[in-house]
Amino acid sequence: MQDIITLLTPRFRSIYNQGRASSGSGGIYKYILIISLGVSFWGGALYVSLRVLRYFSQIEEMGDILAFKLLSMVIITIFSLLIFSNILNALSKLYLAKDLKLVHSMPVHSYRIFLARWIETTIDSSWMVILYTLPVFVGYGWIYSPGISFYLITIISLLLLAIGASEIGSILVMAAVVIVPASRIRTLFVFLGLSLFILLYISFRILRPERLVDPEVFSATLFYFKSMSTPSSPFLPSTWCYDAVLAALKSEILIAYFHIIIALSFVLFVGFIIVFIADMVYFNGVSKAQTSAARLFGSARFRIPFTGWLSSPVRALVEKEIKTFFRDQTQWSQLFLIGALICIYIYNFKVLPLERSPIQTIYLQNMLAFLNMGLAFFVLIAITGRFAFPAISMEGEAIWIIRSCPINLNSFMWIKYFIYLFPLMILTLILIIGTNILLKVVPFMMVLSCINTIFIVPGVLSLGIGLGAAFPSFKSENPAQSVTSYGGLLFMILSALFIGVVIILQAGPVYMILSSQFKSKPLALFDIAWIGISFVGALLICILTTILPVKFGEKRLKKILFDIHS
């Protein structure tokens, strides 16, 4: 046990030292901002949870069934996210970390090194998921008032769920490393992306959340009640967590602890299994992982088309950026995941039972299309944060090579910008146009959605590139994780604020225009002026957001590079 504590000490020391280094006035402001945003998110999530649960509680006989079904969906979604997060982190920390050579040279048994790394993986992969889903469970406790024991049982159940997901993820990673040749270990990310798609798709579609608003698909009301209350597989850890939380919600404490004991026995048994497996195969897997990684696409040379008109330095940087992206299998393999999410996103609009809505269908469809713009742009933020925000940090310690090139930082950043602009633009247009076609919106909404996409995508991307340059992480082991840093958090906040302001500015005018069309009433002169001012204001915000963040990032990056080399 002492060996494991010793191996974990550097990690906790580094966190402590980073906190001390940030204890100045600027660091305090950062902490205040992060804490304020965390509390705001918590408050917002709790408010939404309470609104939904109170609405369910007003439905006689069906309310509790709907609330409990929603709880089941939340827990199985948490379990799916935990498994995938643990798989990615386990592969990185157990086999691809840069300090593994040093750690394995110590006089410590390999399974103890595995346990130390596994504990790190579990904490890193689980804390955020658990922390930011707690408001949902607090909302259930608020509505049903089960007593203080409910919160204790919920926390224990979620911790056991996180540990079980981490154990499952570690076993899958160790099995994959045994099967896949060591020279192609990073190719695992291809299969992990596809696995996530299959996992999320199956778990989400088996739940069939559209049944919450479509009871008419059943032949009898009793069958509908029975189907809505049917639990998931009794052999899943998520089911044990759900049963424990549900029993605590009903003040059935003994039953809740019974399900906790089942989950605990599973965690202990699988924990013994992974230690046994790690003792046999972990060190060999690490040794093979140190060999050079073969590329999935081979080493054939190819030229990027349509770059002949660029100057030589610019063309070299463009080709370098594109080739680096496709040679790094941890990057391009996630395109499978993005494609899968696009399919699920569009398919969910296809199964919406709009024809049974009490609201006029054509009106509801266009309102949904307007709200869908905001949702699609939030998907854009997530993808931009994963790919574009770390683009500057991905240069790593070789950033000095860029500085020695015959090209200035401004051009370098705009090259990064335009490389990501067109793929993100096409992706967002697919989301917007695809869902609008399924919703059968009027031409005005289709045109407005496309115009918004053309102006908002450059703004979000500019925030990603600019703030990624302003808060780079050149020495990070995995620059892609920089999106969880202070700069990444700032990017998420400002991007959400930017989209929210644009949507709010357009909400009133869009409502007036649609109402005028549906009621066949001409717009008044004042209404036309208000509409024009709102759209012009939104346009100016988009233009400023496209220009200013890149300039800010360039200024900050110059100062950072000067400090590094001085």
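Anyway, here's the lowdown on the structure attached to this text. Residue indices follow the written sequence of each chain, beginning from 1 at its first position. Whole-chain, interface and lining totals are the exception, using all residues; otherwise, since this is a predicted model, local features are given only for residues with pLDDT of at least 70 and side-chain atom pairs are given and counted only at 80 or more. Values reported for side chains reflect all heavy atoms of the structure, with hydrogen atoms and water molecules removed beforehand.

### Here's the deal with the overall build of the protein chain
Regarding its fold elements, the protein chain presents 19 helices and zero strands. Among the 566 residues that make up the protein chain, the fraction classed as buried is 46%. Contact between two residues is taken to exist if any of their heavy atoms lie within 4.5 Å; hydrogens are not considered. Put simply, of all contacts in the protein chain between residues at least 6 apart along the chain, 83% involve residues at least 24 apart. Total accessible area on the protein chain is roughly 29,000 Å²; 71% of this is exposed by carbon and sulfur atoms. For helices the rule is a DSSP run of H or I covering at least 4 residues; for strands it is a run of E covering at least 2, with both sets numbered from the N terminus onward. Working definition: with a 1.4 Å probe on protein chains only, accessible area under 20% of the residue-type maximum means buried, over 50% means exposed, and in between means partly exposed. For the area figures, the Shrake-Rupley method with a 1.4 Å probe applies, and any residue is considered shielded solely by the protein chains shown.

### Quick word on the packing of helix α16 (residues 409–439) against helix α17 (residues 443–470)
Geometry is summarised by axes, namely lines fitted to C-alpha atoms with helices restricted to the contacting stretch, and by angles between N-to-C directions that run from 0 to 180 degrees. Interaxial distance between α16 and α17 falls to 9 Å at its minimum, and their mutual angle equals 145°. The hand of the α16/α17 crossing is right-handed. Residues are grouped as follows: Ala, Val, Leu, Ile, Met, Phe, Trp, Tyr, Cys and Pro are nonpolar; Asp, Glu, Lys and Arg are charged; every other residue, Gly included, is polar. Split by residue class, the contact of α16 with α17 holds 19 nonpolar, six polar and one charged. Two helices crossing with the near one rotated counterclockwise from the far one by less than a right angle form a left-handed crossing, whereas a clockwise rotation gives a right-handed crossing.

### Notes on the packing of aromatic side chains
Whether two aromatic rings pair depends on their centres lying within 6.5 Å, for rings of Phe, Tyr and Trp, where Trp uses its six-membered ring; planes under 30 degrees apart make the pair stacked, over 60 edge-to-face, and the rest tilted. If you walk through the whole model with that rule in mind, you get nine aromatic pairs. Between Phe114 and Tyr282 the ring centres are 5.5 Å apart and the planes differ by 65°, which places this aromatic pair in the edge-to-face class. Residue Phe114 is located in helix α5 (residues 110–144), and its partner Tyr282 is located in helix α10 (residues 253–289); the two are separated by 168 residues in the primary sequence. Grouping residues by exposure puts Phe114 and Tyr282 together as buried. Ring geometry for Phe150 versus Tyr151: centroids 5.3 Å apart, planes at 75°, classification edge-to-face.

### Overview of helix α18 (residues 486–519)
The end-to-end C-alpha distance of α18, which contains 34 residues, comes to 49 Å, matching closely the 50 Å that a straight helix rising 1.5 Å per residue would cover. Helix geometry: α18 is bent most strongly at Ala507, by close to 35°, with proline Pro509 lying one to four residues after it. Following α18 by one or two positions, Ser520 has its phi on the positive side, about 55°. In this analysis, the expected span of each helix is defined as 1.5 Å times one less than the number of residues it contains. A residue's bend is simply the angle between two axes: one fitted to the seven residues ending at it, one to the seven starting at it.

### Brief notes about a nonpolar patch on the surface
Each patch is assembled from residues with relative accessible area greater than 30% and no salt bridge, linking like charges that lie within 9 Å and nonpolar side chains (Val, Leu, Ile, Met, Phe, Trp, Tyr) that lie within 5 Å. The rule for a salt bridge is simple: a side-chain nitrogen of Lys or Arg has to be within 4 Å of a carboxyl oxygen of Asp or Glu. A contiguous nonpolar patch, built from Val447, Ile451, Ile454, Phe455, Val536, Leu539, Leu540, Ile543, Leu544, Ile547 and Leu548 and spanning about 920 Å² of accessible area, is present on the exposed surface. Mapped onto the nonpolar patch, the elements with two or more residues apiece are α17 and α19 (525–565). Residue contributions to the nonpolar patch peak at seven residues, all from α19.

### Overview of α17
Across its 28 residues, α17 extends 41 Å between first and last C-alpha, which sits within 8% of the 40 Å expected from 1.5 Å per residue. The largest bend in α17 amounts to roughly 25° and is located at Ile456, with the proline Pro458 lying one to four residues further along.

### Focus on the pattern of salt bridges
Enumeration over the complete set of coordinates arrives at four salt bridges. Its salt-bridge partner being Glu120, residue Lys93 comes within 3.7 Å of it at the nearest N-O pair. One end of the pair, Lys93, is in helix α3 (residues 63–96); the other, Glu120, is in helix α5, with 27 residues separating them in the sequence. On the basis of relative accessibility, which here comes to 17%, the residue Lys93 falls in the buried class.

### With respect to unusual backbone geometry
Of note, Ser145 is a non-glycine position whose phi angle comes to about 50°, a positive value. Counting through the fold element by element, Ser145 comes out in the loop between α5 and α6 (148–179). A residue is classified by how much of its surface remains accessible, and Ser145, at 57% relative accessible area, is exposed.

### Let's talk about the packing of α3 against helix α9 (residues 237–249)
Where α3 contacts α9, the two axes come as close as 9 Å, and the packing angle between them is 140°. As the angle between them shows, α3 and α9 are arranged oblique. Taken as a pair, α3 and α9 cross one another with a handedness that is right-handed. From α3, Phe68, Leu71, Ser72, Ile75, Ile76 and Phe79 reach across to α9, where they touch Pro237, Ser238, Cys241, Tyr242, Val245, Leu246 and Leu249. A breakdown of the residues in the contact of α3 with α9 according to their chemical character gives eleven nonpolar, two polar and no charged. Every angle not falling under 35 degrees, over 145, or within 65 to 115 is termed oblique; those three ranges are roughly parallel, roughly antiparallel and roughly perpendicular.

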